[in-house]
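Observations on the model geometry
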Amino acid sequence: MRWYHSLTLRLLLLFWALLFAVASSGFLLAIWYSQPETPEPLSAEISNSLSPILSDPSIFSSLTPGRILAGNYRVAAAVTPEEGPTRLQLEPNLANTHRRELLSLLDAHEPQQLRLPNGMLLGPFGFEAQRILLIRPLTEAEREQQQISAKQAEDAQTLVLLFGSLLIAVLLGFWLVRPLKKLIGATREIAAGADKLHLKRLPKRNDELGELARALETAAHDLKVSRDAQRRLLSDVSHELRSPLARMQVALMLSQDDDPDANADANPHLVQMSRDVDRLGTIIERILSLSRLENGLVKLHPEPVNTYELAQTLAADLTYVDEQQGKRVLVLKGEWPVTATDDELLRLVIENLVRNALQYTDGIIELSCVRHDNDRCTILVRDHGDGVPEEQLQQLFEPFYRGDPSRNHKAGVGLGMALSLRAANVLGGSVTARNHPDGGLEVSINLPIQHLQETEQEQQEPA
Amino acid sequence: MTKLLLVDDDAELSSMLEQILTKEGYQLTLAPDGETGLQRALSGSYDLILLDVMLPGIDGFQLLQRLRQQLRSTPVLMLTARGDDDDRVQGLELGADDYLPKPFNPRELVARVKALLRRTPNTSVRPEPLEFAGFHVNPLQNEVRCDEQTLELTPTEFDILRALVQGKGQVVSKDQLSVAALGRQLAPFDRSLDVHISNIRKKIEHNPERIQTVRGRGYRLLQLA
């Protein structure tokens with residue numbers, strides 16, 4: 001960027017130029033209004049009243065500027081032909097301020113009147129080569145008229161300044177705010193994971209705003225590249241870890257089969273290994289899920305979901321896997337909404353919380369739902385265990401955090417709650433935990449409710 | 001003897017799987033890369049193909065695509081070590097019958113293989129032809145005609161459609177369909193059935209929506225007006 005592209009300099013120049021334009025237009029207007037009026041033909045009345053005096057040729061020879069001719073009329077200028085050059089005499093005060101008007105009026109063919117600030121100039125009157133101009137004070141009416149026109153000039157000036165500055169303010173605002181709005185939009189697009197930004201011609205600007213726009217474009221591109229790299233890495237890591245794990249699992253089964261004992265499962269070391277291989281698989285799966293959720297790599301498939309049915313199906317599935325555990329899950333009737341969301345992700349959120357509760361407590365686990373208003377609801381997962389120390393409530397959602405290290409061996413891999421939180425975030429919700437006043441831990445899933453049109457609800461889903 | 005083809009570049013895993021499957025009474029042929037795999041698969045003498053996605057040369061998806069252009073009748077079970085759900089769905093869309101993510105329990109693999117092999121013409125539940133909603137199912141020849149046109153279906157798609165036609169317009173639940181076609185219950189997060197249904201719809205020229213989704217319950221056939 002060159003120094004003359006600097007936004008500061010441009011703003012400075014722009015302000016300067018525009019203020020200058022407003023001021024000068026006001027100034028020009030003032031000049032325009034204070035311009036002397038054009039000469040008007042002399043009214044017959046005045047010519048008549050003056051003609052008796054001016055018809056006497058002898059009077060001209062004695063007339064010198066400043067002399068009073070009759071009544072209010074004084075001589076303002078006189079031209080007397082003499083031998084050689086013509087003699088021009090001007091009234092000294094007037095000659096200082098209005099020399100041009102005096103001379104131009106002297107050259108006029110017909111007698112005219114011209115209003116000056118301090119009097120009315122009349123003439124020329126002449127006899128042979130002699131010519132004179134007269135001046136008389138302004139009448140009351142004429143003075144008033146002059147004041148009015150001066151006031152008009154002032155008003156016009158004020159108006160020009162007012163509207164001129166308003167126009168400039170609007171232009172400046174537009175010029176500055178529009179690109180800013182575009183930049184805000186682009187920042188939102190980046191946050192939403194866009195690669196191509198809608199900046200139009202903004203990046204082509206030479207100033208700081210253009211530079212910012214270009215920087216944003218680069219950032220969006222870099223983010224895209226890093227997201228792609230992340231995706232590839234995830235895929236590669238996942239492949240590289242899973243392949244040996246798959247081999248281990250097969251090898252384990254073979255070694256169990258090779259065991260000469262009839263009951264192969266009796267070998268406790270192999271059973272332990274087999275369990276750990278399964279756990280390892282689960283951990284890898286969950287880390288990958290967590291990472292995909294955090295990096296926005298999860299594609300949502302929103303469709304109408306009856307949350308009550310979802311919770312019931314979940315409880316039924318848990319019963320299917322382990323009857324004792326499933327019996328402990330109680331789905332309470334409540335204000336379960338039907339909402340457009342990703343059913344798998346929502347299921348993931350709830351299932352991890354319920355499994356967690358099943359793992360850490362022995363009592364009943366209650367699932368219920370409360371609606372706050374039309375747009376949000378809270379699904380509550382409450383157990384009847386010992387709860388969690390207040391200071392550890394926040395840590396519950398950190399990856400690999402386990403509430404009770406002594407139950408470590410029995411518990412999961414410590415990623416369930418973290419997964420729930422991330423998945424809820426992806427769905428536009430949040431998860432919080434608190435100790436219920438009547439004992440036990442209560443985890444709240446706060447979710448937005450996306451309303452559905454009745455017709456949409458009945459429509460077929462594209463499989 | 002039932003003949004299986006395993007296309008996987010992981011030689012150690014392949015040899016161990018060979019031991020397990022041989023013990024189960026199958027004859028396993030190995031192919032270490034995509035080219036070999038495709039050649040052997042196209043020879044057509046296999047009852048089931050186990051296919052890994054990540055392969056040197058042509059990968060599992062490309063292999064599947066080319067295979068399905070010529071050979072529809074052999075069931076294909078995809079083995080995938082990649083985590084993305086999209087990968088799993090992609091395999092099904094290209095005509096795989098089922099998938100098993102690595103690492104898998106070998107017993108699960110055997111169970112899936114058995115489930116996919118169970119469907120041979122002589123073991124079909126009802127050998128007599130079925131007809132509903134414009135579909136004509138001939139179990140003896142593994143053939144479905146829709147509006148007098150023969151549909152090119154994979155074995156799984158055939159089983160799903162047969163189960164739907166047997167339902168005669170009643171809702172057939174996803175679990176029923178999954179058991180009928182894949183020989184297993186649907187796991188949560190499993191979209192495979194939806195992908196198969198979508199594949200079938202794509203093959204029906206007129207009124208593919210006659211296979212209706214009943215949200216939360218399953219699918220059913222709509223009698224044409």
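Residues numbered from 1 in each chain as written. Chains lettered and ligands numbered in written order. Predicted model: local features only at pLDDT ≥ 70, side-chain atom pairs only at ≥ 80, totals over all residues. Heavy atoms only, no water.

The condition that has to hold: UniProt positions are given in the numbering used here, feature names are shortened, and annotations may be inferred rather than shown by experiment.
An unreviewed UniProt entry annotates chain B as DNA-binding response regulator originating from Pseudidiomarina donghaiensis. Under Subcellular location (unreviewed entry), UniProt gives the following word-for-word description of chain B: "Cytoplasm".

Per an unreviewed UniProt entry, chain A goes by histidine kinase and derives from Pseudidiomarina woesei. UniProt, in the comment section headed Subcellular location (unreviewed entry), describes chain A in these words: "Cell membrane". We quote the UniProt Catalytic activity (unreviewed entry) comment for chain A here in full: "ATP + protein L-histidine = ADP + protein N-phospho-L-histidine."

**Describing the domain arrangement of chain B**
Residue and element names in this part refer to chain B. Put simply, the test is: The start and end points of each domain follow an automatic or database-based domain assignment. Contacts between residues were defined by any pair of non-hydrogen atoms, one from each residue, lying within 4.5 Å. Buried area, as used here, totals the accessible surface that two parts lose on assembly, with accessibility defined by a 1.4 Å probe and the loss added over both. Basic side-chain nitrogens of Lys or Arg form a salt bridge, by our definition, when they fall within 4 Å of a carboxyl oxygen of Asp or Glu. Counting of polar contacts relies on pairs of N or O atoms within 3.5 Å, with two restrictions inside protein: one atom must be capable of donating a hydrogen and the other of accepting it, and residues adjacent in sequence are counted only when both atoms are side-chain atoms. Only runs of H or I of at least four residues qualify as helices and only runs of E of at least two qualify as strands under DSSP, and these elements are numbered from the N terminus.
Parsing chain B into structural domains produces domain 1 (3-117) and domain 2 (122-221). When each unit is reduced to the centre of its C-alpha atoms, the spacing between domain 1 and domain 2 is 23 Å. With 16 residues of domain 1 at the contact, the number on the domain 2 side is 14 residues. Taking both sides of the interface into account, the surface hidden between domain 1 and domain 2 amounts to around 1,200 Å²; carbon and sulfur atoms contribute 53%. When the buried area of domain 1 at its contact with domain 2 is split by residue, Arg72, Leu92 and Asp97 rank highest and sum to 43% of it. Here domain 1 is connected to domain 2 by 2 salt bridges. Measuring nitrogen to oxygen at the nearest pair gives 3.7 Å for the salt bridge that ties Glu152 to Arg72. In this assembly, domain 1 and domain 2 are joined by 4 residue pairs in polar contact (both at pLDDT 80 or more). For the side of domain 1 that touches domain 2, the elements supplying multiple residues, two or more each, are α4 (85-93), β5 (98-101) and α5 (106-117).

**Re the packing of helix α8 (residues 307-321) of chain A against helix α10 (residues 343-360) of chain A**
All names here are of chain A. Put simply, the rule is: Axis definition: a line fit to C-alpha positions, over the contact stretch in the case of helices; interaxial angles, taken between N-to-C directions, run 0 to 180 degrees. Just so you know how the angles are binned, under 35 degrees is roughly parallel, over 145 roughly antiparallel, 65 to 115 roughly perpendicular, and the rest oblique. Definitions for this section: a left-handed crossing has its near helix turned counterclockwise from the far helix by less than a right angle. A right-handed crossing has that turn clockwise. Side-chain classes are defined by residue name, with Ala, Val, Leu, Ile, Met, Phe, Trp, Tyr, Cys and Pro counting as nonpolar, Asp, Glu, Lys and Arg as charged, and the others, Gly among them, as polar.
Viewed as axis vectors pointing N to C, α8 and α10 meet at an angle of 50°, and their least axial separation amounts to 10 Å. With respect to α10, the axis of α8 lies oblique. Considering the relative orientation of α8 and α10, their crossing is right-handed. Contact residues: Thr307, Leu310, Thr313, Leu314, Asp317 and Leu318 in α8; Asp343, Leu346, Arg347, Ile350, Glu351, Val354, Arg355 and Leu358 in α10. Among the residues forming the contact of α8 with α10, the class breakdown is 7 nonpolar, 2 polar and 5 charged.

**Focus on the nonpolar core**
Formally: What is meant by a nonpolar core is a set of buried Ala, Val, Leu, Ile, Met, Phe, Trp, Tyr and Cys residues, joined one to another through side-chain atoms within 4.5 Å. Relative accessibility thresholds used throughout: buried, under 20% of the residue-type maximum; exposed, over 50%; partly exposed, between the two (1.4 Å probe, protein chains only).
Within the largest apolar cluster, 49 residues are counted, with the highest numbers of intra-cluster contacts made by Ile350, Val354, Leu367, Leu396, Val431 and Ile445 of chain A. Ranked by residue count, the leading element in this core is α10 of chain A, at 9 residues. Lining this core are residues from two domains, each supplying at least three of them: domain 3 (208-294) and domain 4 (303-458) of chain A. Setting aside chain neighbours within four positions, we find Leu367 of chain A in contact with Ala311, Val329, Leu330, Val331, Leu332, Trp336, Ile350, Val354, Leu380 and Val381 of chain A. Counting residues in hydrophobic clusters, the runner-up holds 27 residues, among them Leu161, Ala163, Val172 and Leu186 of chain B.

**Concerning the sheet that holds strand β12 (residues 218-221) of chain B**
Residue and element names in this part refer to chain B. Here is the rule: Two strands make a pair as long as DSSP finds a minimum of two bridges between them.
With respect to topology, 3 strands assemble into an open sheet ordered β10-β12-β11, the strand pairing being antiparallel. For this open sheet the edge positions go to β10 (172-173) and β11 (211-214), each flanked by a neighbour on one side alone. Judged from the 4 bridges that link them, β11 and β12 form a sheet pairing that is antiparallel. Paired with Ile211 across the two strands is Leu221, which belongs to β12.

**With respect to unusual backbone geometry**
All names here are of chain B. Here the amide bond leading from Lys102 into Pro103 is cis, since omega sits at -5°, within 30 degrees of zero. Assignment of secondary structure puts Pro103 in the loop between β5 and α5. Despite not being glycine, Lys168 has its phi angle at roughly 50°, a positive value. Within the element layout of this structure, Lys168 appears in the loop between α6 (155-167) and β10.

**Some words on the environment of Arg286 of chain A**
Residue and element names in this part refer to chain A. Assignment of secondary structure puts Arg286 in helix α7 (residues 268-294). Residue classification places Arg286 among the partly exposed positions, given a relative accessible area of 22%. Through-space distance from the C-alpha of Arg286 to that of Ala418 is 9.7 Å; in sequence the pair is 132 residues apart. Residues within four places of Arg286 in sequence aside, it is in contact with Asn352, Val413, Leu415, Gly416 and Leu419.

**Comments concerning the packing of aromatic side chains**
The following threshold applies: Only Phe, Tyr and Trp rings take part, Trp by its six-membered ring, and two of them pair if their centres are within 6.5 Å. Stacked means planes under 30 degrees apart, edge-to-face means over 60, and tilted covers everything else. Should the NZ of a Lys or the CZ of an Arg lie within 6 Å of a ring centre and within 35 degrees of the ring normal, that charge is described as sitting over the ring.
By the definition in use, this model includes 1 aromatic pair over all chains. Ring centres of Tyr308 of chain A and Trp336 of chain A lie 6.1 Å apart, and the angle between their planes is 50°; this geometry places the pair in the tilted category. Note that Tyr308 of chain A is positioned in helix α8 and Trp336 of chain A in the loop between β9 (329-331) and β10 (338-341), a separation of 28 residues in sequence. A cation over an aromatic ring shows up here: Arg205 of chain A above the ring of Trp175 of chain A, its NZ or CZ 5.1 Å from the ring centre. We note Arg210 of chain B situated over the ring of Phe135 of chain B; from NZ or CZ to the ring centre the distance is 5.3 Å.

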